[in-house]
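Close look at the chain arrangement
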Amino acid sequence: MIKWSRFLGFLMIVVLFFALAIPTYQSIWNNIQLGLDLKGGFDVLYEVKDAPEEKVTMEGVIATKNAIEKRIDSAGISEPNLAIEGDNRIRVQLAGVFNQEEAKKLLVQSAELEFKSPTGEKLASGRDLKSNARAQTDQQTGAPQVAVEFKDPKLFADITTKYVGQQVSIWLDGEMIQNPVINEPILTGSAVINGQADLKEAREIANYLNAGALPFPLEEISSFGVSPSLGEEALHDTLYAGGIAFVLIFIFMVVYYRLPGLIGMIALVMYTYLLFSVVSFMGITLTLPGLAALILGVGMAVDVNIIAIERMKDEFRNGKSLLSAVIMGQKRSMPTIIDANITSIIAGVLMYWFGTGAIKSFAVAHIISVLATFITAVLISRLMLQLLVRSNLIKNPWWYGASKKGGASK
Amino acid sequence: MKFDIVKNRKWYFGFSVLISIIGIILMLTMGLNLGTDFKAGSRVQFTVGQAFDPADIEKAIETDLKLDVAAVQAIENNGAVVRIDKKITADEEASVNKYLTEKYPNAMPQISSVDPVVARELAEKAIYAIILASVGIILYMAFRFEYKFAISGVISMLQVVLVVVSIFALFRFEIDITFIAAVLTIVGYSIHDTIVIFDRIRENLKHYKVKTTADLEQLVNDSVWQTMTRSINTVLTVVFSAGALYLFGGSPIKHFSLALVIGLVTGAYSSIFIAAQLWVSWKSRELKKPKSA
């Protein structure tokens with residue numbers, strides 16, 4: 001007797017899934033953060049060095065990181081990724097299309113501005129300025145200049161009063177850029193710095209001043225760059241390869257395992273959807289090794305189905321009825337699947353713990369994919385198969401991958 | 001009657017020992033082609049856009065840019081990888097960029113540089129990760145099965161790693177951080193395969209009466225054959241994925257996928273012909289002991 005309620009349950013799972021997945025997959029995909037290797041950009045690791053008068057502390061490293069962050073912001077580069085590694089390292093990742101050389105220069109320039117007396121005594125520094133420096137052209141000469149304003153106008157007023165008629169020099173990173181004579185005390189706290197080659201340079205200096213000087217000097221200890229077009233190509237190629245792999249596996253599973261194979265493949269689509277949803281919602285950055293781990297996870301998810309279906313066929317060959325073969329096969333394959341996947345997770349966790357960069361992102365993707373396998377290939381796929389068998393709609397064991405002989409000998 | 005796999009185990013052991021010796025000799029004589037990730041220095045990858053002789057590029061860069069080039073390697077799509085043992089400075093990097101872009105319009109240079117300290121740290125971490133993963137797996141398997149299974153499984157796994165690394169040494173493929181990710185995946189899969197077989201052995205141990213070595217051999221033979229379809233089909237599907245990644249996945253993961261294909265096939269072989277067989281040989285000693293006592 002056909003039990004339509006069971007079959008309806010089976011259909012509901014499939015329909016509900018596609019009703020959820022089809023309208024949402026696009027936004028889930030768009031929301032995924034891609035790593036530098038997939039969208040281009042560069043990754044630089046800096047070591048924070050001791051300043052001449054001061055040793056680096058953790059606070060110093062944090063302050064340096066904040067200063068770099070501000071600079072990147074003021075240069076208009078979006079979504080920078082900065083992380084402190086170890087005691088004194090800062091990793092900077094910048095994605096997208098821009099001039100990598102200029103961006104690197106922007107990061108390491110220490111941008112220490114100083115005002116000095118004729119005798120070389122330090123009178124004020126970049127720290128005494130408001131963060132509103134801007135580039136402009138001199139209204140009379142048309143030359144580029146940087147307009148700055150002191151936080152405390154009185155400080156600048158005192159300086160200009162004291163050194164009236166003398167020269168107060170302005171230094172940037174140990175280089176004198178200007179040495180003007182003070183004609184009269186400036187009480188408003190505003191000043192201009194001249195001597196830039198063009199407006200672009202003036203703008204750069206204004207950016208540095210606004211972001212503040214780096215408290216400690218940086219040394220680049222490793223770097224890599226990926227051009228955006230190559231990154232895009234890598235992403236496209238990997239997805240294309242994943243698509244081909246899916247089609248091949250689909251054909252194999254359906255031809256060899258028939259109905260349970262088809263159910264396994266539906267579960268695999270669910271697996272893929274679940275995986276990308278998790279990556280998307282948890283804000284995990286998807287890198288090339290990560291993507292490869294996900295595509296390989298597909299292999300593992302299929303394996304879970306193969307283990308269970310083979311077990312089911314064994315039971316059927318031993319003379320069990322279709323339903324009890326399905327139930328026993330699923331039950332007996334469980335310890336194998338659990339042991340195999342737990343060892344995978346152990347390897348993944350250790351990789352995550354001790355790995356860096358690429359290994360870490362591979363490990364994260366790997367762990368997520370093992371968990372997604374459990375939910376889809378183990379739980380949902382089993383439920384679907386049982387509902388289908390219990391519905392009695394398709395009773396011929398051939399459809400469940402049993403050989404014709406096996407079915408007859410029952 | 002199915003082929004008696006267990007009876008011929010001495011042949012597989014001999015074959016594996018031979019492969020391992022060849023592998024170790026290859027690694028010792030040819031050395032590994034370590035990428036900048038593990039060997040300090042700089043690596044410049046760019047597109048030449050036409051067929052070229054690596055020696056010409058090496059000469060041009062040495063004379064025009066005054067850089068000490070260690071090696072130039074041709075890669076897919078008329079690309080070139082230039083290796084410099086010394087880590088180049090930011091200024092040198094800028095001039096390399098300018099030089100290549102002027103000389104080859106589609107160069108799109110990608111430069112990576114690694115300081116010796118960072119390179120050593122990375123290599124150490126990669127080795128730690130593999131050792132720790134092995135220890136973790138041994139402990140788990142010893143807990144779930146018995147230590148004989150665990151050790152046999154790990155020996156078989158190490159054999160797979162050795163084969164993959166020596167093939168990479170033979171063909172001078174670059175060993176970089178993604179290769180390590182590949183090795184770690186292979187380790188995972190190889191253990192996966194071994195566990196499926198061991199699990200069947202463990203289950204059959206409950207039903208078989210094992211008194212002699214012959215009984216034990218019979219049991220393992222049956223277990224291996226019972227899981228054979230699964231072993232083959234799983235390797236097939238995984239080779240579909242890794243093979244598609246190799247053929248269509250683009251240059252950054254070409255070697256990654258190649259390592260996987262080699263490792264997965266070797267892993268399946270090794271779990272059947274090494275892991276299970278090592279366990280039989282070891283376990284059968286346990287059977288003989290009470291007799292002689």
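So, how was this worked out
Residues numbered from 1 in each chain as written. Chains lettered and ligands numbered in written order. Predicted model: local features only at pLDDT ≥ 70, side-chain atom pairs only at ≥ 80, totals over all residues. Heavy atoms only, no water. UniProt positions renumbered as here; feature names shortened; annotations may be inferred. Helix = DSSP H or I, 4+ residues; strand = E, 2+ residues; numbered from the N terminus. Domains from an automatic or database assignment. Contact = heavy atoms within 4.5 Å. Buried area = accessible area lost by both parts, 1.4 Å probe. Salt bridge = Lys/Arg side-chain N within 4 Å of Asp/Glu carboxyl O. Polar contact = N/O pair within 3.5 Å; in protein donor to acceptor, adjacent residues only side chain to side chain. Nonpolar A, V, L, I, M, F, W, Y, C, P; charged D, E, K, R; others polar. Core = buried A, V, L, I, M, F, W, Y, C linked by side-chain atoms within 4.5 Å. Buried < 20%, exposed > 50% of the residue type's maximum accessible area, 1.4 Å probe, protein only. Expected span 1.5 Å × (residues − 1). Arc of directions from axis to C-beta. Axes fitted to C-alpha atoms, helices over the stretch in contact; angles between N-to-C directions. Parallel < 35°, antiparallel > 145°, perpendicular 65-115°, else oblique. Left-handed = near helix turned anticlockwise from the far one by under 90°. Patch = residues over 30% accessible without salt bridge, like charges linked within 9 Å, V, L, I, M, F, W, Y side chains within 5 Å. Areas by Shrake-Rupley, 256 points an atom, 1.4 Å probe, with all protein chains shown as cover. Phe/Tyr/Trp six-rings, centres within 6.5 Å; stacked < 30°, edge-to-face > 60°. Pairing = 2+ DSSP bridges.

**Points about the UniProt feature "domain: Protein export membrane protein SecD/SecF C-terminal" (unreviewed entry) in chain B**
In the UniProt entry, the feature "domain: Protein export membrane protein SecD/SecF C-terminal" (unreviewed entry) is given for residues 106-284 of chain B. Helix and strand shares over residues 106-284 of chain B are 84% and 4% respectively, and the end C-alpha atoms of the span are 64 Å apart.

**Let's talk about the domain arrangement of chain B**
Residues and elements named next belong to chain B. Annotation of chain B at the domain level lists domain 1 (6-35 + 118-288) and domain 2 (41-114). Placing a centre on the C-alpha atoms of domain 1 and another on those of domain 2 gives a separation of 38 Å. Taken together, the 9 residues of domain 1 in the interface contact 6 residues of domain 2. Summing both sides of the interface, domain 1 and domain 2 together bury roughly 560 Å²; the carbon and sulfur share of this comes to 37%. Summed over the shared surface of domain 1 and domain 2, the number is 1 salt bridge. The salt bridge partner of Glu174 is Arg43, with a shortest N-O separation of 3.0 Å. Taken together, the connections running from domain 1 to domain 2 amount to 2 residue pairs in polar contact (both at pLDDT 80 or more). Those elements that place two or more of their residues in the side of domain 1 that touches domain 2 are β1 (33-34) and α4 (116-144). A per-class count over the side of domain 1 that touches domain 2 returns 3 nonpolar, 3 polar and 3 charged.

**Some thoughts on the UniProt feature "domain: SecDF P1 head subdomain" (unreviewed entry) in chain A**
Under the present numbering, the feature "domain: SecDF P1 head subdomain" (unreviewed entry) in UniProt falls on residues 123-215 of chain A. The span residues 123-215 of chain A is 25% helical and 27% strand by assignment, and the distance between its end C-alpha atoms comes to 18 Å.

**Quick look at the domain arrangement of chain A**
Residue and element names in this part refer to chain A. Domain assignment breaks chain A into domain 1 (4-35 + 227-400), domain 2 (41-109 + 214-226) and domain 3 (111-213). Look at where the C-alpha atoms of domain 1 and domain 2 centre, and you get two points 40 Å apart. In this assembly, 4 residues from domain 1 lie in contact with 4 residues from domain 2. The contact between domain 1 and domain 2 buries some 300 Å² in all, and 65% of this surface belongs to carbon and sulfur atoms.

**A few points about unusual backbone geometry**
All names here are of chain A. Residue Arg258 is not a glycine yet carries a positive backbone phi of 55 degrees. Within the element layout of this structure, Arg258 appears in helix α7 (residues 228-281). Look at Asn392: it is not a glycine, yet its phi comes out positive at around 60 degrees. In this structure, Asn392 sits in the loop between α10 (357-390) and α11 (404-408).

**Notes on the nonpolar core**
In this structure, Met253(A), Phe179(B), Val220(B) and Phe256(B) are the most contacted members of the largest nonpolar core, which totals 122 residues. Of all the elements, α7(A) adds the most residues to this core, at 19 residues. Every residue in contact with Val220(B), bar those within four places of it in the chain, is listed here: Val6(B), Ile201(B), Ala276(B), Trp279(B) and Val280(B).

**Brief notes about helix α2 (residues 54-65) of chain B**
Residues three or four positions apart in an α-helix share a direction because the helix packs 3.6 residues into each turn. Residue and element names in this part refer to chain B. For α2, with 12 residues, the first-to-last C-alpha span of 16 Å sits near the 16 Å given by 1.5 Å per residue. Every buried residue of α2 is accounted for by Ile57, Ala60, Ile61 and Leu65. Projection of α2 onto a plane perpendicular to its axis shows the buried side chains occupying an angular sector of 95 degrees, all on one side. Turning to α2, the residues buried within the fold contact β2 (41-47), β3 (69-75), β4 (79-84) and α3 (90-103).

**Points about the packing of helix α8 (residues 288-317) of chain A against helix α8 (residues 228-248) of chain B**
Remark: α8(A) packs on α8(B), axes separated minimally by 9 Å, with the N-to-C direction vectors making an angle of 160 degrees. Considering the angle they form, α8(A) stands roughly antiparallel to α8(B). For the pair α8(A) and α8(B), the crossing hand works out as right-handed. Residue-level contacts link Ile295(A), Leu296(A), Gly299(A), Val302(A), Asp303(A), Ile306(A), Ile307(A) and Glu310(A) of α8(A) to Thr229(B), Arg230(B), Asn233(B), Thr234(B), Thr237(B), Val238(B), Ser241(B) and Leu245(B) of α8(B). Residues that form the contact of α8(A) with α8(B) fall into these classes: 7 nonpolar, 6 polar and 3 charged.

**Some thoughts on the environment of Tyr140(B)**
Within the fold, Tyr140(B) resides in helix α4. Each C-alpha atom, one on Tyr140(B) and one on Thr47(B), is 47 Å from the other, the two residues being 93 residues apart in sequence. At 2.9 Å, the side chain of Tyr140(B) forms a polar contact with the side chain of Asp339(A).

**Points about a nonpolar patch on the surface**
On the surface, a cluster of nonpolar side chains totalling about 420 Å² of accessible area is made up of Val247(A), Phe250(A), Ile251(A), Val255(A) and Leu262(A). Structurally, Ile251(A) is set in helix α7.

**Structural notes on the UniProt feature "transmembrane region" (unreviewed entry) in chain B**
Residue and element names in this part refer to chain B. Taking the numbering used here, the UniProt-annotated feature "transmembrane region" (unreviewed entry) corresponds to residues 12-32, 126-143, 150-171, 177-198, 231-249 and 255-280. Secondary structure over residues 150-171 splits into 95% helix and 0% strand, and the C-alpha atoms at its two ends are 32 Å apart. Taken end to end, residues 177-198 is 100% helix and 0% strand, and its first and last C-alpha atoms sit 32 Å apart.

**Quick look at the packing of aromatic side chains**
All names here are of chain B. Tallying each qualifying case throughout the model produces 26 aromatic pairs over all chains. With centroids separated by 5.5 Å and ring planes inclined at 65 degrees, the aromatic side chains of Phe145 and Phe149 adopt a geometry described as edge-to-face. Accessibility assignment for this pair places Phe145 and Phe149 in one class, buried. An angle of 5 degrees between the planes, with centres 4.6 Å apart, marks the rings of Phe149 and Trp279 as stacked. Remark: Trp279 occurs in helix α9 (residues 254-292) and Phe149 occurs in helix α5 (residues 147-170); sequence separation between them is 130 residues. Look at Phe149 and you get buried, because its relative accessible area is 4%.

**Let's talk about the sheet that holds strand β12 (residues 218-226) of chain A**
Ordered in space as β3(A)-β4(A)-β2(A)-β12(A)-β5(B)-β2(B)-β4(B)-β3(B), the 8 strands form an open sheet in which the pairing is antiparallel. The open sheet terminates on both sides in strands that have one partner only, identified here as β3 (81-85) of chain A together with β3 of chain B. On average, adjacent strands in this sheet sit at an angle of 20 degrees to one another, irrespective of strand direction. Pairing of β3(B) with β4(B), which is carried by 6 bridges, proceeds in the antiparallel orientation. Pairing of Val72(B) across the sheet is with Val82(B), part of β4(B). Running over the sheet, helix α4 (residues 100-108) of chain A touches β2 (41-48), β4 (89-95) and β12 of chain A and is turned about 25 degrees from β2(A).

**Some remarks on the sheet that holds strand β7 (residues 134-137) of chain A**
All names here are of chain A. If you trace the 3 strands from one edge of the open sheet to the other, you get β7-β8-β11, paired in antiparallel fashion. The open sheet has two edge strands with one neighbour each: β7 and β11 (190-193). Recorded for the sheet is a direction-independent mean angle of 35 degrees between the axes of neighbouring strands. Its contacts with the sheet put helix α6 (residues 199-211) on β7, β8 (144-149) and β11, and the angle it makes with β8 is roughly 20 degrees.

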